[in-house]
Every structure is written in structure tokens, then in C-alpha cells.
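# A structural walkthrough
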Amino acid sequence: MCQSATKKFDTECHLFDEKIQSKNDFEIKLNNTIEHGDCRKLISKFHDDTIDLIVTSPPYWAKRIYNGSGELGSEETPEEFVKELVNYFNIFKPKLKKTGNLFVNIGDTFFGSGAGAWNKYLDENGEITQTQKDRKEKFFTTKPLQPKLKQNGKLYQNKQLLLIPARFAIAMQDSGWILRDDIIWHKPNRIPASVKDRFNNTYEHVFHFVKNKSYFFDLDSVKVIGANGNPKNPGDVWSINTQALDGDHTATFPEKLIEKIVLCASPENGLVYDPFLGTGTSWIVSNRLKRNFIGHEINEDFINYANQRYNKNF
Ligand SMILES: C[S@@+](CC[C@H](N)C(=O)[O-])C[C@H]1O[C@@H](n2cnc3c(N)ncnc32)[C@H](O)[C@@H]1O
């Protein structure tokens, strides 16, 4: 199913199909399109070398069940997840302009974390309980059981921080991407966890990748005022509160995080793509900042929610 954004943009979600004859057609018509489905398939309709910025937050490994079995994030091992995730970005890569940017927000997972605790969401027959059903109703997601991997005394040990963001960044480098930055998104309003034998996690990574050594980057647009009153580089630790939505998606980007990225990594009237649209934060921010936008989302509830949210904002 495809969602029409607003009449203001006169969006036609299906105009890709045979209708796009030339790259020019594509650029003029496709200013604002969100579509329901698997991003790997949907992106194939787009011409190569057209996207200025891909900014996204994929599902993390074994954190949430958005859609059911076989989805990204439900791989048996962290290594398989990383491999799969890199495959996704390599599918998008030809669509990114040579001067384009890719920003990926990703968080980490502890081996075995909460694995026992999740049992309370299953009944004695291993079926999903009413609690889980209610949660799905409210948040569109359920809590997953981490795959039951045998502990091996190495990476697979209970309590082990898996360093999935680092493994992903290295795997992206190995497949040819240039890693330009590892930005730390510090969350000052993070609710303290109940852990007693380590520090509370208060940050996630935002990796900045490019295809080529020369790429679009407007640092001036995001400079901050320094102690001497002059504009300065804002640095690579960004303290931005998580943002609660009136809706129920539990893993949304704060708009401020996306604003910074869209401003410095895409030109006005450029094209921004979010393959894992979720509740539509990147869509709203991109349009507010006068960028064209493509978004894909496999969960129909989310895309409906994103559409409603968008219409409230414009
Ligand atoms: C972490 S959430 C994104 C949240 C988003 N940044 C926001 O602000 O709401 C990841 C999303 O990716 C979607 N997803 C997972 N696999 C997908 C696929 N193959 N194609 C499109 N969307 C997918 C999930 O349904 C989920 O909504």
C-alpha cells in the first residue's frame, strides 16, 4: 500500500512504475513519496546517482519485534545481523549520488540481556501472552526473546556488550564505504536503568559514511557560537534529549538530531531517503527544511501513523 502525503505536495506514490522515462521526470515528480513495503525492493525503482542523503535508524539486533519472523534484527547471531545490515546499505549505495552522505544511527545490545526476563511475556506453552498482545496493540512492537545461542566463553557470554555498532562500522569499511565520523548521540534525559554492576547507557552512535573522498558538506549551517563569540564546529558529541511522541512508536529519532544531519549533509531542494521510516521523523524534518523526501516502511501501522503525524505538521 502506498500513502499519499498531502495535497499540498500533490504526491503520487505510484508514479514510478513505467511512468518515469527520464531522470528529469524523476526529479521533478518525486518530491515527496512514502511507500509501504520492503525498502530493498522499493528502492530498485529509483534511478542510480540521485539521492543526496540517506539518514536512517535500522532495527537494532534482538531489541524489538516490529513485524514478525524473518525481519531485520531477528537474525540468530549478531554477526549475521551485521552482515545483513551491510547488505541493505550496499543495495542503496548505487542510488546515492557520488557526492552523497549516509548517516546511520545504531545502538548496542548485551548478550543474553533480559533473556530470562522476557519469559514473562510467554505463557507455559511458549505462546505470546495477553501482555504482549496489549503491547503490540499499543506500541506496534513486541519484546523479543534474544535467540538462544549457546554461550562460548568468548563473544557469546551473558552480560557481554556485543559492540554491534563497531562491528557494523568495520564491516561497512570492509565493503568499501568511507567512514567519516562516529558521532555520539548523548541522551541527557535517559531514564536510569536498574543495573547495579555497570554504568547506565546514555548514548548511541551515529555513523557518517560517504562513497567518495569529495562530498557535499555544509559545516557553516550547523556551527555553534563559541566562547569567543565566533561560530565554531559543533564537535562530534551531540547532547539531545530523546523525544516522546503522542503516538506509540518506541524508537523514534528526536527531530533535533535529524535537523542537524539534514542541514549539513544535503543541499536545499536535494533528495533525502529514509529506508526505515518508522513514524516519519526524517520526512517531517526534511520537508520543513525544504528537502525532497523518499521514505519506506514495512509496517503498515507505522506508515499510517507517519502519515497522520505528517498531516498534523503541515
Ligand atoms: C528503529 S525504527 C525507525 C524509527 C524512525 N527513525 C522514527 O523516527 O520513527 C526501524 C523501522 O524499520 C522498519 N523496517 C524493518 N525492516 C524493514 C524493511 N526491510 N523495509 C522497510 N522498513 C523496514 C521497522 O518496521 C521499523 O519501523
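This section reports on the structure supplied with the text. Every chain begins its residue count from 1, and numbering advances along the sequence as written. Two thresholds apply to this predicted model, a pLDDT of at least 70 for residue-level local features and 80 or more for giving and counting side-chain atom pairs, whereas whole-chain, interface and lining totals are computed over all residues.

## As for the overall build of the protein
Stated formally: Comment: elements are numbered from the N terminus, with helices defined as DSSP H or I runs of at least four residues and strands as E runs of at least two. Contact between two residues is assigned when their C-beta atoms, built from the backbone, lie within 7 Å.
For the protein, the count of helices and strands is eight helices and 11 strands. The long-range fraction of contacts in the protein, counting pairs at least 24 apart against all pairs at least 6 apart in sequence, stands at 69%.

## Section: the nonpolar core
Inclusion rule: For this analysis, nonpolar core means a set of buried Ala, Val, Leu, Ile, Met, Phe, Trp, Tyr and Cys residues linked through C-beta atoms within 7 Å. Three classes are used. A residue is buried when 20 or more other C-beta atoms lie within 10 Å of its own, exposed when 12 or fewer do, and partly exposed in between, with C-beta atoms placed from the backbone.
Counting residues in each nonpolar core, the largest one holds 56 residues, and the members touching the most others are Val-55, Ile-261, Val-262 and Ala-306. No other element matches the six residues that helix H6 (residues 255-265) contributes to this core. Excluding anything up to four places from it in sequence, Val-55 contacts Phe-103, Ile-258, Ile-261, Val-262, Val-272, Asp-274 and Ser-282.

## Topic: the pairing of strand S3 (residues 51-56)
Formally: Between any two strands, pairing holds if DSSP finds at least two bridges.
For S3, the buried fraction is high: six of the six residues fall into the buried class. In this sheet, strand S4 (residues 96-106) lies alongside S3 in parallel orientation, the contact comprising five bridges. In the sheet register, Thr-56 faces S4, and the bridge partner there is Val-104. The sheet contact formed by S3 and strand S10 (residues 271-274) spans two bridges and is parallel. Within S10, the position partnered with Ile-54 by the bridge is Tyr-273.

## Some details on the pairing of strand S6 (residues 203-210)
Taken across its eight residues, S6 has six buried, putting it largely inside the fold. In terms of strand pairing, S4 meets S6 through six bridges, oriented antiparallel. Each residue of the ladder has a partner; that of Asn-105, found in S6, is Val-206. As paired elements, strand S5 (residues 178-186) and S6 share eight bridges and run antiparallel to each other. For Asp-181, the partnering residue across the bridge sits in S6 and is His-208.

## Notes on the packing of helix H3 (residues 78-92) against helix H5 (residues 164-174)
Short version of the rule: Lines fitted to C-alpha atoms define the axes here, with helix axes fitted over just the stretch in contact, and angles between the N-to-C directions of these axes take values from 0 to 180 degrees. To sort the angles, those under 35 degrees are grouped as roughly parallel, those over 145 as roughly antiparallel, those from 65 to 115 as roughly perpendicular, and the leftovers as oblique. Whether a crossing is left-handed or right-handed is set by the direction in which the near helix is turned from the far one by less than a right angle, anticlockwise for left-handed and clockwise for right-handed.
In the contact formed by H3 and H5, the axes pass within 9 Å of each other and the chain directions differ by 45°. Compared by their axis directions, H3 and H5 come out oblique. Here H3 runs over H5; the crossing is right-handed. When H3 is examined against H5, the residues Pro-78, Val-82, Lys-83, Leu-85, Val-86 and Phe-89 are found in contact with a partner set consisting of Ile-164, Arg-167, Phe-168, Ala-171 and Met-172.

## Let's talk about H3
Convention followed: Here, expected helix span is obtained from the residue count minus one, scaled by 1.5 Å. By definition, the arc is the one covered by directions from the helix axis to the C-beta atoms.
An ideal rise of 1.5 Å per residue puts 21 Å on 15 residues; H3 measures up with 22 Å between its terminal C-alpha atoms. Residues of H3 that are buried: Pro-78, Phe-81, Val-82, Leu-85, Val-86 and Phe-89. Buried residues along H3 cover an arc of 130° about the axis, so they all sit on one side. Packing partners of the buried residues in H3 comprise S4 and H5.

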